[in-house]
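# Reading the structure
Next come the chains, spelled out residue by residue.
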Amino acid sequence: MYNIFMESQVLLFLLVAYIPVSFTLTMFYLRFRRCSTLEMAGWGSLAIAIPVLGPFFVIAARPGPRKRARQNNLINSARHSKG
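Described in the following lines is the structure provided in the data block. No experiment lies behind these values; they were computed from the predicted model shown.

### Regarding unusual backbone geometry
If you check the backbone angles, Arg62 has positive phi at about 50° while not being a glycine. The topology assignment puts Arg62 in the loop between α3 (54-61) and α4 (68-82).

### Describing the side chain of Arg33
Here Arg33 is to be found in the loop between α1 (8-31) and α2 (37-49). Glu39 provides the closest opposite charge to the buried, unpaired Arg33, separated from it by 9.6 Å. Engagement of the side chain of Arg33 in a polar contact is seen with the backbone oxygen of Pro63, the distance being 3.3 Å. Ignoring sequence-local partners within four residues, the contact set of Arg33 consists of Arg62, Pro63, Gly64, Pro65, Arg66 and Lys67.

### Notes on the side chain of Ser22
Turning to its location among the elements, Ser22 is positioned in helix α1. Its relative accessible area of 6% is what places Ser22 among the buried residues. For Ser22, the side chain forms a polar contact with the main-chain oxygen of Ile19, separated by 3.0 Å. Setting aside its immediate chain neighbours within four residues, Ser22 contacts Pro51 and Pro55.

### A word on a nonpolar patch on the surface
Together, Leu12, Leu15, Val16, Ile50, Val52, Leu53, Phe56 and Phe57 line one region of the surface with nonpolar side chains, adding up to about 710 Å² of accessible area. At the level of secondary structure, the elements contributing two or more residues to the nonpolar patch comprise α1 and α3. The dominant element in the nonpolar patch, judged by the number of residues it contributes, is α1, at three residues. Looking at the element boundaries, Leu12 is found in helix α1.

Quick notes on the rules
- Each chain carries its own residue numbering, running from 1 in the direction its sequence is written.
- Predicted model: local features are reported for residues with pLDDT of at least 70 only, side-chain atom pairs are reported and counted for 80 or more only, and whole-chain, interface and lining totals are derived from all residues.
- Values reported for side chains reflect all heavy atoms of the structure, with hydrogen atoms and water molecules removed beforehand.
- Secondary structure elements are defined from DSSP: runs of H or I of at least 4 residues count as helices, runs of E of at least 2 residues count as strands, and each element is numbered from the N terminus.
- Think of it in three bands: residues with accessible area under 20% of the maximum for their type are buried, residues over 50% are exposed, and the middle band is partly exposed, with areas taken using a 1.4 Å probe on protein chains only.
- A positive count includes Lys and Arg, and a negative count includes Asp and Glu. His and the chain ends are not counted in either.
- For this document, the term salt bridge refers to a Lys or Arg side-chain nitrogen within 4 Å of an Asp or Glu carboxyl oxygen.
- Here a polar contact means two N or O atoms within 3.5 Å. Within protein one must be a hydrogen donor candidate and the other an acceptor candidate, and residues neighboring in sequence count only if both atoms are side-chain atoms.
- Should any heavy atoms of two residues lie within 4.5 Å, those residues are counted as being in contact.
- By definition, no residue in a patch forms a salt bridge, and every one has over 30% relative accessible area; like charges are joined within 9 Å, nonpolar side chains (Val, Leu, Ile, Met, Phe, Trp, Tyr) within 5 Å.
- Computed with the Shrake-Rupley method and a 1.4 Å probe, the accessible areas treat only the protein chains shown as cover for residues.

None of this, on its own, says anything about what the molecule does.
Have a look at this one:
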């Protein structure tokens, strides 16, 4: 039985559509980490160089410490919710 969804053009389109979406998500993740511009460029180029697994590697590596403002907001919201 012929499956129209497994044609090479459809799979190529899905890959081409996935790459910018995953790169954008990776850059949004890096925005919440404390990294220099050079580090962001390096991690971003890794996410682009390895198209499918690169963004997962970047997120799993957790480059740089978290930004303090985000940590303070989480701590303050936890304190206020306790009572």
